Amino acid sequence: MMGKEKIFSLLTPVIKKSPADQTEAVVINSQAGLTRYANSTIHQNVYEVNSKVYFRVALGKKLGVAATNVLNKESLKKTLENALSIARNQRETPDFTRLPGQASYKKLKTNYKKTANYAPLFYKSRQNKISVSLR
Amino acid sequence: MKENIKETIAWLRKKGVDYADIRQVKRISENIRVKNREMEGVSKSEDLGFGIRVLYRGAWGFASSNNPSKGEYKRMAGLALDIARASGLTQREPVRLAENEVYKDKFISLCQIDPFKVSLDEKLNLLISACDLMLKNPGIRVADTSLNFFRSEQIFANTEGSLIEQIITESGGGAVATAARNGETQWRSYPNSHSGDYATRGYEFIQEMRLLDQMERISREAVALLSAPECPNQETTIIVSGNQMALQVHESCGHPIELDRVLGTEISLAGGSFMTLDKLGKLQYGSPQVNIYADATTPGGLGSFGYDDEGVKAQRTDIIKQGRFVGYLTSRETATLFKQPSNGTMRADGWNRIPLIRMTNINLEPGEVSLEELIADTRQGLFLDTNKSWSIDDKRLNFQFAVEAAWEIRDGKLGQMYKNPIYTGITPEFWNTCDAVCNKNHWHVWGVPNCGKGEPMQTMHVGHGVAPARFSKVKVGGAK
């Protein structure tokens, strides 16, 4: 998954060239695992990692949103163009004033790598113990 | 990118896996909705990634990522292998896969006009014009229209040597006219409810839909429903329209024949099936007029493809033959139960999901009569059109459907319109009363883009080739 520095280096040049009155990029990094158990066996055990960028642009009171998870310059540029094209065709949102401005946010530690990587790495170190307890 | 796939497959072979496959999928989509002439929403999105499925010592593992770099391919392959090892800890019987041929092929679905090259203006103009026509009727309060387009470009490779590329384009859309008066609302949809009709075709499918030709009719019918009497409670003969038959087949036949569901692996979310293994070849599911088959080769069907997501070639399989239950939808894993090859129904909703057994095009064979002849042949009954809601138990046995509108049939002619009709039944009892299916002139493959199954949830696009059909002694009523 991309870190903060890479995200900024990738998105800043694209946003700077945006002709919209305001442009916002939201990056959502996700990592998920799921194990399904039926008939006393694991029949599904899956993992995914994904990063998705959502561009929101404002042309006056007209808004457009487009998304991609292809994180290269060409794709990001195309996605921003898609958001602009949607905004141009969009009706005005009367209540819209502006996108949120710059702000500082408190850093929250809610992601614990040890927990996130619990399985299947746990298996590697504890294989014998688990096997014995299952028997 | 193909090099990354080939190298990863080679690496997995060296690691001694029983089997592994990789799917790299790029999907683009465009969704447009216009309500009362105003653009309600437009979204465009692009999604790319790959998933690696590994079978190691009889147990499955799967890992996926949106980063198609060489390093990430290797990392995910290692992780999928580790996950398979972990799954093996609880394995009672090792998973075996049915034999499958090795294919090196490319499949491209039907598409004459690329929907992604048609301008947004043209699409919006169509939907705004449809709204205009609906809003001409002063009784219409909401005119709702939508168009949706998808393209999936996929590369599949497995450790057996298959390398398959597929490009599948899908187009769909529809309109709903809603009338309201004195706190009551009624609506009519075209060509179908729940966002319209879909096909694995290009923009020509939207043009052939002739959306604008039907807007006056659905608006008139929606307003007329406000004044129509409630559908009376009765046991009677019904003729079910084509688009409602699609959902009838979907819920009461398509789902219960999914073999993973039958074997209990979907009980935690979507339920099981009354069509248990002991009933195969024995259950008289329907009358001799009922012939249902799964066919992933149906031209333009929303459930059509070249190969499923295990690399099994698209094919046709009998499910119900002259009323007798004769086949399931299978995967390479579940088909070993019958010592047969898979019939190719494993599909995944994108790169980050594992394939599951999904409906392809579950089709009801057409009969001999025209709809006009069938109505003329019905002394008393109801014609039921277009789904409004559905409900069915977790074994797919006891169902209830509400439809948008009903018309009385008396002495072979359509008469009084009724509002809020519902009908209910027990699946095999209902299908055993089917005495006629309309002919091929009324047969159409309806696209259903919202079939849900699995955890994490996977939404699949499936098709149903059906024609209107007649059933007797059905419990019908009115429900607000």
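Rules of the game
Residues numbered from 1 in each chain as written. Chains lettered and ligands numbered in written order. Predicted model: local features only at pLDDT ≥ 70, side-chain atom pairs only at ≥ 80, totals over all residues. Heavy atoms only, no water. Helix = DSSP H or I, 4+ residues; strand = E, 2+ residues; numbered from the N terminus. Rg over C-alpha atoms; globule rule 2.2 N^0.38 Å. Buried < 20%, exposed > 50% of the residue type's maximum accessible area, 1.4 Å probe, protein only. Contact = heavy atoms within 4.5 Å. Areas by Shrake-Rupley, 256 points an atom, 1.4 Å probe, with all protein chains shown as cover. Core = buried A, V, L, I, M, F, W, Y, C linked by side-chain atoms within 4.5 Å. pLDDT = per-residue confidence, 0-100. Phe/Tyr/Trp six-rings, centres within 6.5 Å; stacked < 30°, edge-to-face > 60°. 1 Å grid on protein atoms, 1.4 Å probe; cavity = no way out; pocket = protein on both sides within 12 Å on 5 of 7 lines; lining within 4 Å. Points joined across faces, edges and corners; volume = space filled by probe spheres on them. Nonpolar A, V, L, I, M, F, W, Y, C, P; charged D, E, K, R; others polar. Buried area = accessible area lost by both parts, 1.4 Å probe. Salt bridge = Lys/Arg side-chain N within 4 Å of Asp/Glu carboxyl O. Axes fitted to C-alpha atoms, helices over the stretch in contact; angles between N-to-C directions. Parallel < 35°, antiparallel > 145°, perpendicular 65-115°, else oblique. Left-handed = near helix turned anticlockwise from the far one by under 90°. Pairing = 2+ DSSP bridges.

Peer 1: I keep staring at the overall build of chain B and nothing clicks. Help me out?
Peer 2: Along chain B, the regular secondary structure elements total 9 helices and 23 strands. On C-alpha atoms alone, chain B measures out to a radius of gyration of 24 Å, which is about the 23 Å that the 2.2 N^0.38 rule sets for 480 residues. Counting only C-alpha atoms and orienting by the principal axes, one finds that chain B spans roughly 70 × 55 × 35 Å. Counting over 480 residues, chain B shows a buried share of 62%. For chain B, contacts bridging at least 24 residues in sequence account for 75% of all contacts bridging at least 6. Accessible surface for chain B amounts to roughly 18200 Å². Of this, 48% is attributable to carbon and sulfur atoms.

Peer 1: What is the right way to look at the overall build of chain A in this model?
Peer 2: The number of helices and strands found in chain A is 4 helices and 3 strands. Along chain A, helices and strands appear, N-terminal first, in the series α-β-β-β-α-α-α. Taking contacts inside chain A between residues at least 6 apart in sequence as the whole, the part at least 24 apart equals 55%. Summing over all exposed atoms, chain A offers an accessible surface of approximately 9200 Å²; the carbon and sulfur share of this is 53%.

Peer 1: Would you explain the nonpolar core in this entry?
Peer 2: If you look at soluble globular proteins, the nonpolar side chains tend to sit buried side by side. Residues and elements named next belong to chain B. Membership of the largest hydrophobic core comes to 65 residues, with the highest contact counts inside it found for I238, Y285, I292, Y423, W431 and F471. Examining the composition of this core, we find that 7 residues originate from one element, strand β17 (residues 398–410), more than from any other. Every residue in contact with I238, bar those within four places of it in the chain, is listed here: L382, L384, Y423, F430, A469, R470, F471, V474 and V476. Counting residues in hydrophobic clusters, the runner-up holds 31 residues, among them V42, L127, C131 and L211.

Peer 1: Looking at this model, I keep getting lost on the confidence of the model for chain B. Mind explaining?
Peer 2: Atomic detail in the predicted coordinates should be set aside for any region of low pLDDT. The predicted model of chain B averages 97 in pLDDT, with 100% of residues at 70 or higher. Confidence estimates for the predicted assembly give a pTM of 0.95 and an ipTM of 0.88.

Peer 1: Would you explain the packing of aromatic side chains in this entry?
Peer 2: Each aromatic ring pair is specified by the distance between its two centres and by the angle formed by the two planes. All names here are of chain B. For the coordinates displayed, the defined rule picks out 16 aromatic pairs over all chains. Ring centres of Y103 and Y307 lie 5.0 Å apart, and the angle between their planes is 55 degrees; this geometry places the pair in the tilted category. Here Y103, found in the loop between α2 (70–87) and β4 (104–108), pairs with Y307, found in the loop between β10 (292–295) and β11 (316–321); they are 204 residues apart in sequence, far enough to count as distant. Note on Y307: relative accessible area 4%, which makes it buried. A centroid spacing of 5.6 Å and a plane angle of 35 degrees characterise the contact between F401 and Y423, whose relative ring orientation is tilted. With F401 in strand β17 and Y423 in strand β19 (residues 421–426), the pair connects residues that are 22 residues apart, well separated along the chain. Judged on exposure class, the residue F401 and its partner Y423 are both buried.

Peer 1: Could you clarify how one ought to interpret unusual backbone geometry in this entry?
Peer 2: Where the residue is not glycine, phi is negative for most of them; where a peptide bond is considered, it is trans in most cases. Residue P191(B) is reached from Y190(B) by a cis peptide bond, and omega for that bond is -5 degrees. Inspection of the secondary structure assignment puts P191(B) in the loop between β7 (184–190) and β8 (197–199). Following E455(B), the chain continues into P456(B) via a peptide bond in cis, with omega recorded as -5 degrees. Along the chain, P456(B) falls in the loop between β21 (444–453) and β22 (458–466). One non-glycine residue with positive phi stands out, namely N39(A), at about 55 degrees. Positioned with a positive phi, R57(B) is a non-glycine residue whose angle comes to about 45 degrees. Checked against the element boundaries, R57(B) lands in the loop between β2 (38–56) and β3 (59–65). Overall, R57(B) belongs to the exposed group, its relative accessible area being 67%.

Peer 1: I keep staring at the layout of surface pockets and nothing clicks. Help me out?
Peer 2: Remark: the empty space left among the atoms is shown by a probe the size of a water molecule rolled over them. Residues and elements named next belong to chain A. If you add up the space inside the largest pocket, you get close to 1400 Å³. Contributing to the lining of the largest pocket are 26 residues, with K4, I7, F8, A25 and Y105 lying nearest its centre. Residues that form the lining of the largest pocket fall into these classes: 13 nonpolar, 8 polar and 5 charged.

Peer 1: What am I meant to see in empty space enclosed by the protein here?
Peer 2: All names here are of chain B. By the definition in use, this model includes 1 cavity of 30 Å³ or more. Within this model, the largest cavity holds a volume of roughly 30 Å³. As for the largest cavity, its lining consists of D21, I22, R23, G51, R53, F62, D309 and P355. Where the lining of the largest cavity is concerned, the elements lending two or more residues are β1 (19–35) and β2. Of the residues in the lining of the largest cavity, the class split is 3 nonpolar, 1 polar and 4 charged.

Peer 1: Whenever I open this one, the interface of chain B and chain A confuses me. Can you help?
Peer 2: Much of the literature gives interface size as the accessible area that the parts lose upon coming together. Contact residues are listed per partner, giving 47 residues for chain B and 42 residues for chain A. Counting the surface lost from both chain B and chain A, the interface buries some 3700 Å², and carbon and sulfur atoms represent 50% of this. Contact with chain A buries surface across chain B, with K44(B), E46(B) and L89(B) losing the most and accounting together for 18% of the total. Scanning the region where chain B abuts chain A turns up 4 salt bridges. Between E48(A) and R353(B) there is a salt bridge; the shortest N-O distance is 2.7 Å.

Peer 1: I tried to follow the packing of helix α1 (residues 4–16) of chain A against helix α2 (residues 73–89) of chain A on my own but got confused; where do I start?
Peer 2: Each packed pair of helices is defined by two parameters, the angle between the axes and the distance between the axes. All names here are of chain A. Put simply, α1 and α2 touch, their axes get as near as 10 Å, and they point 40 degrees apart. The orientation of α1 with respect to α2, classified from their angle, is oblique. Considering how the two elements wind past one another, α1 and α2 form a crossing that is right-handed. Within the contact between the two elements, α1 uses L10, L11 and V14 and α2 uses L76, K77 and L80.

Peer 1: How should I be thinking about the environment of N182(B) in this particular structure?
Peer 2: All names here are of chain B. With respect to the secondary-structure elements, N182 resides in the loop between β6 (163–181) and β7. What makes N182 exposed here is its relative accessible area of 78%. N182 sits 120 residues away from F62 along the chain, and the two C-alpha atoms are 55 Å apart.

Peer 1: I tried to follow the sheet that holds β11(B) on my own but got confused; where do I start?
Peer 2: Within a sheet, neighbouring strands are paired by backbone hydrogen bonds and run either parallel or antiparallel to one another. All names here are of chain B. Here we have 4 strands laid out as an open sheet, ordered β12-β11-β10-β15, and antiparallel in their pairing. If you trace the sheet from one side to the other, it starts and ends with β12 (324–325) and β15 (362–364), each paired once. The pairing of β10 with β11 spans 4 bridges and is classified as antiparallel. Residue A294 lies in a different strand from β11, and its bridge partner there is T317. The strands touched by helix α6 (residues 242–254) within the sheet are β10, β11 and β15, with β15 carrying the most contacts at an inclination of about 120 degrees.

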